[in-house]
Amino acid sequence: METVGVLMTKPFSAYLEEELDKRFKLFRFWESSNRKEFLKENSHLIRAVVGNATAGCDAEMIGLLPKLEIVSNFSVGLDKVDLVKCKERGIRVTNTPDVLTDDVADLALALILAVLRRICACDRYVTSGSWINGNFKLTTKFSGKSVGILGLGRIGSAIAKRANAFGCPISYYSRSEKSNTDYKYYPSAVELAANCEILVIACALTEETHHIVNREVIDALGPQGIIINIGRGSHIDEPELVSALVEGRLAGAGLDVFENEPQVPEQLFGLDNVVLLSHVGSDTVETCKEMADLVIANLEAHFLNKPLLTPAV
Ligand code: NAP
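Since this is a predicted model, take the numbers as computed values, not measurements.

Analysis parameters
- Residue positions within a chain follow its written sequence, with the count starting from 1.
- Per-residue local features are limited, in this predicted model, to residues with pLDDT of at least 70; the limit for side-chain atom pairs, both in listing and counting, is 80 or more; totals at the level of whole chains, interfaces and linings are taken over all residues.
- Neither water nor hydrogens contribute to the side-chain values; these are computed over all heavy atoms in the structure.
- UniProt positions are given in the numbering used here, feature names are shortened, and annotations may be inferred rather than shown by experiment.
- In this description a helix means any DSSP run of H or I spanning at least four residues, a strand means any run of E spanning at least two, and both kinds are numbered starting from the N terminus.
- Note on exposure labels: buried denotes an accessible area under 20% of the residue type's maximum, exposed denotes more than 50%, and partly exposed covers the range between, all computed with a 1.4 Å probe on protein chains only.
- When DSSP locates at least two bridges between a pair of strands, those strands are taken to pair.
- By convention, orient the strands away from the viewer: a clockwise path from the first strand over the helix to the second makes the crossover right-handed.
- Charged residues are defined here as Lys and Arg on the positive side and Asp and Glu on the negative side; His and the ends of the chain fall outside this count.
- The salt bridge definition used is simple: a Lys or Arg side-chain nitrogen within 4 Å of an Asp or Glu carboxyl oxygen.
- Contacts were defined at the residue level, with two residues in contact if any of their heavy atoms lie within 4.5 Å.

Draft legend 1. Representation of the UniProt feature "domain: D-isomer specific 2-hydroxyacid dehydrogenase NAD-binding" (unreviewed entry) in the chain. Taking the numbering used here, the UniProt-annotated feature "domain: D-isomer specific 2-hydroxyacid dehydrogenase NAD-binding" (unreviewed entry) corresponds to residues 109-281. Split by type, residues 109-281 is 29% helix and 14% strand. Its first and last C-alpha atoms lie 11 Å apart.

In structure tokens:
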């Protein structure tokens, strides 16, 4: 397979880059100074694209790569891949489900605890030397709080299972009610928000879920509520979230993802009730290796005419 051209969109995994380089003719997109020219020059060789959650394969890229057969993405979410164009062209698409579920769910719980128990603020309290002036302020209990999951898929279910172990009643909103769970179902995001204290966003980003958390949902959650987002930044109307936090219409937020990553609204920087992460949901050594191995396994299966391991299209 050394002659098969594979385009990697960004240097998001050194291990994956090395393994791709061993097996295929690897094109490093980030080394190109002119995106269009680079694609045009190498279009006769590139048969696969390897993208991630922030740099996938858009309509322009697909249009410039007439030999493209497969997009093997290093992410479970495929919002940065033009799935409609891929379907039209008969381009296969794979992602990396399941292997990252535990890490992302773990991180959601870490964010809940960090926001409610002010873990980052308390760390700053100690390291800034403030402890000698007295005890840290009281925080908010997590165990037993009601948790609403927006999108009860693989990750949403893993979050629910973990929160359940903290004695939290679970409810959810998805497009359809699930027959395999006793968790309470609400038929809209607003109704879910009105009936929980902690709203966790874990759905896929699509046209329908863009800004699914808007002012109405934030207001329904109310001034005691907290929002945790480990989905995608564009699930939330970010200016609305920022003003709710600044004005005290929301008790706190734990955010792993943002609308214009890596740009993060500066108004959030000084707030003790907010914990901000740099889109690291699945970023552990163990999981990133499993994701990389899955990306390669899908490519190899495709070019050996074998069934794909995790096909999405
Ligand atoms: P999944 O199993 O496919 O779950 C996606 C969920 O989204 C399903 O429960 C689906 O429910 C729900 N959904 C889809 N459209 C909806 C709509 N219009 N309204 C309400 N719910 C809707 O995917 P997953 O593996 O759990 O991953 C979920 C998402 O997490 C990914 O798409 C990705 O964006 C994000 N993620 C983030 C990180 C990170 O680093 N922060 C890492 C991995 C994944 P129904 O089908 O029942 O509607």
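Draft legend 2. Geometry of the pairing of strand 6 (residues 147-150). Of the two faces of strand 6, the one holding Val-147 and Ile-149 and the one holding Gly-148 and Leu-150 are both buried throughout. In this sheet, strand 7 (residues 170-173) lies alongside strand 6 in parallel orientation, the contact comprising 4 bridges. Paired with Val-147 across the two strands is Ile-170, which belongs to strand 7. Once the chain exits strand 6 it traverses helix 7 (residues 154-165) before rejoining the sheet at strand 7, and the crossover so formed is right-handed. Where strand 6 lies against strand 9 (residues 198-201), 4 bridges are found, and the strand directions are parallel. Paired with Ile-149 across the strands is Val-200, a residue of strand 9.

Draft legend 3. Focus on the UniProt feature "domain: D-isomer specific 2-hydroxyacid dehydrogenase catalytic" (unreviewed entry) in the chain. Those residues carrying the UniProt feature "domain: D-isomer specific 2-hydroxyacid dehydrogenase catalytic" (unreviewed entry) are residues 6-309 in this numbering. As annotated, residues 6-309 comprises 36% helix and 14% strand, and the C-alpha atoms at either end are separated by 18 Å.

Draft legend 4. Summary view of the side chain of Arg-118. Along the chain, Arg-118 turns up in the loop between helix 5 (101-116) and helix 6 (119-127). No salt bridge is formed by the buried Arg-118; the nearest opposite charge belongs to Asp-272, separated by 6.0 Å. Contacts of Arg-118, omitting those with residues within four sequence positions, involve Leu-113, Phe-136, Lys-137, Thr-139, Ala-251, Asp-272 and Asn-273.

Draft legend 5. Representation of the pattern of salt bridges within the structure. Per the counting criterion, the structure on display carries 19 salt bridges. Between Lys-36 and Glu-60 there is a salt bridge; the shortest N-O distance is 3.7 Å. Taken together, the positions of Lys-36 in helix 2 (residues 35-42) and Glu-60 in helix 3 (residues 59-64) put the pair 24 residues apart, joining distant regions of the chain. Residue Lys-36 is classed as partly exposed on the basis of its relative accessible area, which comes to 41%. Using a relative accessible area of 33% as the deciding quantity, one classes Glu-60 as partly exposed. In this structure, the salt-bridge partner of Glu-240 is Arg-215, at a minimum N-O distance of 3.7 Å. Note that Glu-240 is positioned in helix 10 (residues 238-246) and Arg-215 in helix 9 (residues 215-221), a separation of 25 residues in sequence.

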